[in-house]
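# Descriptive analysis of the structure
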Amino acid sequence: MEQYVPQHLKHQYDLYSREPKTGIIHRCNFPDSVVSIDTQGECFLCRCDAWLPVSVGNIMDFNSFEEIWQSDRARALQNDVAEQRFTYCSVDYCGIREENQMQSPKWISINIDESCNLKCPSCRSGMINFTKGTEYDKKIKMSEHISRMLSAYDQRCIINMSGNGDPFASLIYRPLILNTVPNEKHEYRMMSNGLLLKKLLPKTNILPSIGEYHISVDAGNKSTYERVRLGGKWDTLVDNLKWLRQNTNKKISLNFVLQNDNWTSLRDFEKLLMELDIWGWMTRLEDWGTWQGEQFRRHNVLGEYHINHEKCMKLLSKLTYQKLRFQPSLQKSIDRYKSKV
């Protein structure tokens, strides 16, 4: 399967063991129920393409979502996971060691465009925003093709937009947001930095179908936010969050990727959650190859080698947890630390 790992995911593929695993008792149905479409249109059968970085084909070569799950490569991966070998999976990150990973209904994650109005160091080394040119034209065709596929897909599903850019800041996502035929069987899960919600959300045709909002915040106060979310303004973010809280009864979650530049704002983040009455979701920092050499290790405060690891874990263990949930592997680390002190 290594030949089907796209070049831009070779780094992720080489980070973890891609051999059959042993001792895993939990089950996963993601390869039968999930498709994630990346920036090049490559299709993956996990909610995070870095955890199962084997492409089963390009979206432009499929005419329906059923074709993706029924392809030969998909069948091979489905069998491997069903037999609990997890050969190509990053089992120490996805959560399968802690609990079953089951998805129902189907999950379609659309991540075809990295365009964003921010340039966060944990995600990218500079501004990315496609507005014209060859790459823009290619992505527009992809967006229109996916829009047609979604309009024709008459099954219950969750449509996730977008894991690597902002759907409201992107010109490429607009055909999806504006032209896709709404379907009562479809529920959209919007991932955004939250800065354009108030301005653009009321204009989207799929607004009644949006069931969840996941807003990347990565900070609990102004100084931390404007350091880790480059280009963002804290006051604008808070204004948009308050507006969203007042104008929807759908689920809202504020996301926090834990790193050395933001762990000291954990108490403020929890305070923000309480003030807005919104749940928070905290995850580990992952190495996307945006930091070179030893830079990732310097930012990965959860690494036991890190100079601030002990201080961070101590602070994590003292949070109230009233409005905060954690990635399973992170929760396990916190529980293990608390049992030692």
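Residues numbered from 1 in each chain as written. Predicted model: local features only at pLDDT ≥ 70, side-chain atom pairs only at ≥ 80, totals over all residues. Heavy atoms only, no water.

## Re the pairing of strand 6 (residues 210–216)
Condition: For every residue, the accessible area (1.4 Å probe, protein chains only) is compared with the maximum for its type, and the residue is labelled buried under 20%, exposed over 50%, or partly exposed between those bounds. Comment: elements are numbered from the N terminus, with helices defined as DSSP H or I runs of at least four residues and strands as E runs of at least two. Strands were regarded as paired on the criterion that DSSP finds at least two bridges between them.
A large share of strand 6 lies buried, amounting to 6 of its 7 residues. Where strand 5 (residues 186–192) and strand 6 come together, 5 bridges link them in parallel fashion. If you follow Met-191 over to strand 6, its bridge partner there is His-214. The pairing of strand 6 with strand 7 (residues 251–257) spans 5 bridges and is classified as parallel. Looking at strand 7, one finds that Ile-215 is bridged to Leu-254.

## Overview of the sheet that holds strand 9 (residues 324–326)
Operational definition: The contact rule is simple, with two residues in contact once any of their heavy atoms fall within 4.5 Å. Working convention: axes come from line fits to C-alpha atoms, limited for helices to the stretch in contact. Angles between N-to-C directions cover 0 to 180 degrees.
Taken together, the 9 strands give an open sheet; going across it, the order is 2-1-3-4-5-6-7-8-9, and neighbouring strands pair in mixed fashion. Strands with a single pairing partner mark the edges of an open sheet, and in this sheet they are strand 2 (43–44) and strand 9. The sheet contact formed by strand 1 (residues 34–37) and strand 2 spans 2 bridges and is antiparallel. Paired with Ile-37 across the two strands is Cys-43, which belongs to strand 2. Docked against the sheet, helix 11 (residues 266–276) engages strand 7, strand 8 (279–283) and strand 9, running at close to 175 degrees with respect to strand 7.

## Some remarks on the nonpolar core
The line we're drawing: In this description, a nonpolar core means a group of buried Ala, Val, Leu, Ile, Met, Phe, Trp, Tyr and Cys residues linked to one another through side-chain atoms lying within 4.5 Å.
Counting residues in hydrophobic clusters, the biggest one holds 103 residues, and the most contacted among them are Phe-65, Ile-110, Leu-254, Leu-258, Met-282 and Leu-316. Excluding residues within four positions of it along the chain, Leu-254 makes contact with Ile-215, Val-217, Leu-241, Phe-269, Leu-272, Leu-273, Leu-276, Ile-278, Trp-279, Gly-280 and Trp-281.

## Section: the pattern of salt bridges
To keep it simple, the criterion reads: Salt-bridge detection follows one rule: a side-chain nitrogen of Lys or Arg within 4 Å of a carboxyl oxygen of Asp or Glu.
Applying the stated criterion to the full structure yields 13 salt bridges. The salt bridge involving Glu-98 is made with Lys-332; its shortest N-O contact spans 3.5 Å. Note that Glu-98 is positioned in the loop between helix 5 (91–94) and strand 3 (106–110) and Lys-332 in helix 14 (residues 328–340), a separation of 234 residues in sequence. Given a relative accessible area of 41%, Lys-332 falls into the partly exposed group. Salt-bridge contacts for Lys-139 lead to Glu-135; the nearest nitrogen and oxygen are separated by 3.7 Å. Here Glu-135 and Lys-139 lie together in helix 6 (residues 134–152), a separation of 4 residues that amounts to about one turn. A relative accessible area of 1% means that Lys-139 is categorised as buried. Each of the salt bridges in this network shares a partner with another, and the network as a whole consists of Asp-80, Glu-83 and Arg-85.

## Examining the packing of aromatic side chains
The condition that has to hold: For Phe, Tyr and Trp, rings pair up if their centres lie within 6.5 Å, where Trp contributes its six-membered ring, and each pair is then called stacked (planes under 30 degrees apart), edge-to-face (over 60) or tilted (otherwise). In our convention, an over-ring charge means Lys NZ or Arg CZ found within 6 Å of a ring centre and within 35 degrees of that ring's normal.
One pass over the structure, following the stated rule, counts 5 aromatic pairs. With centroids separated by 5.3 Å and ring planes inclined at 45 degrees, the aromatic side chains of Tyr-16 and Tyr-93 adopt a geometry described as tilted. A residue pair is termed long-range when its members are at least 10 positions apart, and Tyr-16 in the loop between helix 1 (10–15) and helix 2 (30–33) and Tyr-93 in helix 5 qualify at 77 residues. Take Tyr-16: its relative accessible area is 23%, and that puts it in the partly exposed class. Here the basic side chain of Arg-73 rests over the ring of Tyr-4, its NZ or CZ set 3.8 Å away from the ring centre. The ring of Trp-69 is capped by Lys-106, whose NZ or CZ atom sits 4.5 Å from the centre of that ring.

## Examining the pairing of strand 8
Put simply, the test is: Here is how to tell: hold the view so the strands point away, follow the path from the first strand over the helix to the second, and if it runs clockwise the crossover is right-handed.
Of the strand pairs in this sheet, strand 7 and strand 8 are connected by 5 bridges, and their pairing is parallel. Counterpart to Val-257 in the pairing with strand 8 is Thr-283. Between strand 7 and its parallel partner strand 8, the chain crosses via helix 11, and the hand of that crossover is right-handed.

## Describing the packing of helix 13 (residues 309–317) against helix 14
For any two helices packed against each other, one specifies the inter-axial angle together with the distance between the axes. To keep things clear, this is the line we draw: Reported orientations rely on four angle classes, namely roughly parallel under 35 degrees, roughly antiparallel over 145, roughly perpendicular from 65 to 115, and oblique for the rest. Residues are grouped as follows: nonpolar covers Ala, Val, Leu, Ile, Met, Phe, Trp, Tyr, Cys and Pro; charged covers Asp, Glu, Lys and Arg; every other residue, Gly included, is treated as polar.
Between helix 13 and helix 14, the shortest axis-to-axis distance is 10 Å and the interhelical angle comes to 90 degrees. As far as their axial angle goes, helix 14 and helix 13 are roughly perpendicular. Contacts between helix 13 and helix 14 involve Glu-310, Met-313, Lys-314, Leu-316 and Ser-317 on the former and, on the latter, Ser-333, Ile-334, Tyr-337 and Lys-338. Taken together, the residues that form the contact of helix 13 with helix 14 break down as 4 nonpolar, 2 polar and 3 charged.

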